[in-house]
Amino acid sequence: MTASLDTHPDFLQARAWLQAAQRVAVLTGAGMSAESGIPTFRDAQTGLWARFDPAELATEDGFRAQPELVWNWYAERRAAMAHVEPNAGHYAIAAYQQRHPGRLTVITQNVDGLHQKAGSTDALALHGNIFQDRWLDLCFHARHSGRVCAPARAQPDSPPRCPDCGNLLRPDVVWFGESLPPETLHAADQAAQRCDLMLVVGTSGEVYPAAGLAHQARRAGAKVVIVNPHASDLDSIAHLVLRGTAAQTLPTLLCD
Ligand code: BJW
């Protein structure tokens, strides 16, 4: 889509579905934050997985094998994300939620907190939060006495370590092979089942169960509209594909 975005028939159709929808779900991926300056994972050249090995850096086995390497990789990403601002797409979604309370649910695979920073307080973060930590293992004390060490007690290191039981802190994100937070996934399932329209923004649709939410919405009778400048694995199940970026497309699409 180009300068005539807001007069393109697909765009007008998407707006009409949006206006008719009582419940809207927006499923976002890394492309949602690309125009804020955060790299995606799978874009050729610029994506993180073009330079780094996901099996080494985004799995529990990888962390156990090289905790310092993985911790430092996340520390660098955290530092890079700490001062990043939401883009016009994040703000358009949050403003729509304020104008239409209770109508739109944000389901995000992103760990950057930018939807929340833009004002979407109830965003369902399927893959966690890069700015939070949790223990790698069940605390030694919890196993023996039910007492859990407070993460704040961890001694600074790469990664920080519990002075009592040696447990390591890890980023509170979801790695490959790990379950998504059950309550968050349940709420996302419900939103996908109940929505009349699902907008799928900036995701390759390669990672499950997140991508399955778009299939679920379609099976349940919702219209599925993709916003992505490039082809994705979910294009074949979408009713419409809007070939634009998040920050260009969403402010005009969500402006009523
Ligand atoms: C723009 C743009 C602009 C660019 N505007 N767009 C079948 C069923 C169920 C599970 C599986 C299955 N097959 C395999 C699995 C397992 C696995 C999986 O899906 N693997 C596939 C890769 C094959 N899934 C899991 O392991 C998940 N857990 C799970 O399934 O538990 C149950 C289970 C346990 C044990 C065995 C089997 C099942 C967990 C997945 C966790 C993903 N974690 C990561 C890292 C998070 C932490 C971190 O940040 O480091 O999450 S990986 C990475 O991928 C990250 C993302 O959230 C996720 C999705 O990526 P996303 O967001 O789509 O980004 P990209 O880069 O792929 O795409 C960007 C898009 O933006 C592109 O399309 C661009 O065109 C577009 N774009 N600029 C709009 N300006």
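Here the residue numbers are simple positions, counted from 1 along each chain's written sequence. Local features in a predicted model are, by the rule used here, given only for residues with pLDDT of at least 70; side-chain atom pairs are given and counted only at 80 or more, and totals for whole chains, interfaces and linings are based on all residues. Side-chain figures throughout are based on the complete set of non-hydrogen atoms in the structure, without hydrogens or water.

### A look at the pairing of strand 2 (residues 104-108)
Note the threshold: Burial classification: accessible surface area is computed with a 1.4 Å probe over protein chains only, and a residue below 20% of its type maximum counts as buried, one above 50% as exposed, and the rest as partly exposed. Secondary structure is summarised from DSSP: a helix means a run of H or I of at least four residues, a strand means a run of E of at least two, and numbering begins at the N terminus for each. For two strands to be treated as a pair, DSSP must find at least two bridges joining them.
Buried residues dominate strand 2, accounting for four of its five residues. Sheet topology places strand 1 (residues 24-28) next to strand 2; five bridges connect them, and they run parallel. Bridging across to strand 2, Ala25 finds its partner in Thr105. Across two bridges, the pairing between strand 2 and strand 3 (residues 124-125) is parallel. The residue bridging Thr108 from the neighbouring strand is Ala125, located in strand 3.

### Observations concerning the nonpolar core
Note the threshold: Residues grouped as a nonpolar core are buried Ala, Val, Leu, Ile, Met, Phe, Trp, Tyr and Cys residues, joined through side-chain atoms within 4.5 Å. Any two residues whose heavy atoms approach within 4.5 Å at even a single point are treated as in contact.
Grouped together as the largest cluster of nonpolar side chains are 26 residues, with contacts concentrated most on Leu199 and Leu250. Mapped by element, the contributors of at least two residues to this core are helix 1 (9-20), strand 1, helix 5 (88-99), strand 2, strand 6 (197-201), strand 7 (223-227), strand 8 (240-242) and helix 10 (246-253). For this core, the element with the highest residue contribution is helix 1, accounting for four residues. When near neighbours in sequence (up to four residues on either side) are disregarded, Leu250 contacts Met32, Gly89, Ala92, Ile93, Leu199, Val201, Val227 and Thr245.

### Focus on the side chain of Gln216
Our working definition: We define a polar contact as two N or O atoms separated by no more than 3.5 Å, with the added condition that, inside protein, one atom must be a possible hydrogen donor and the other a possible acceptor, whereas residues neighbouring each other in sequence contribute only through side-chain atom pairs.
As for its position among the elements, Gln216 is in helix 9 (residues 212-219). Classification of Gln216 by relative accessible area gives buried; the value is 15%. At 3.5 Å, the side chain of Gln216 forms a polar contact with the side chain of Asp189. Filtering out sequence-adjacent residues up to four positions away, Gln216 remains in contact with Asp189, Ala192 and Gln193.

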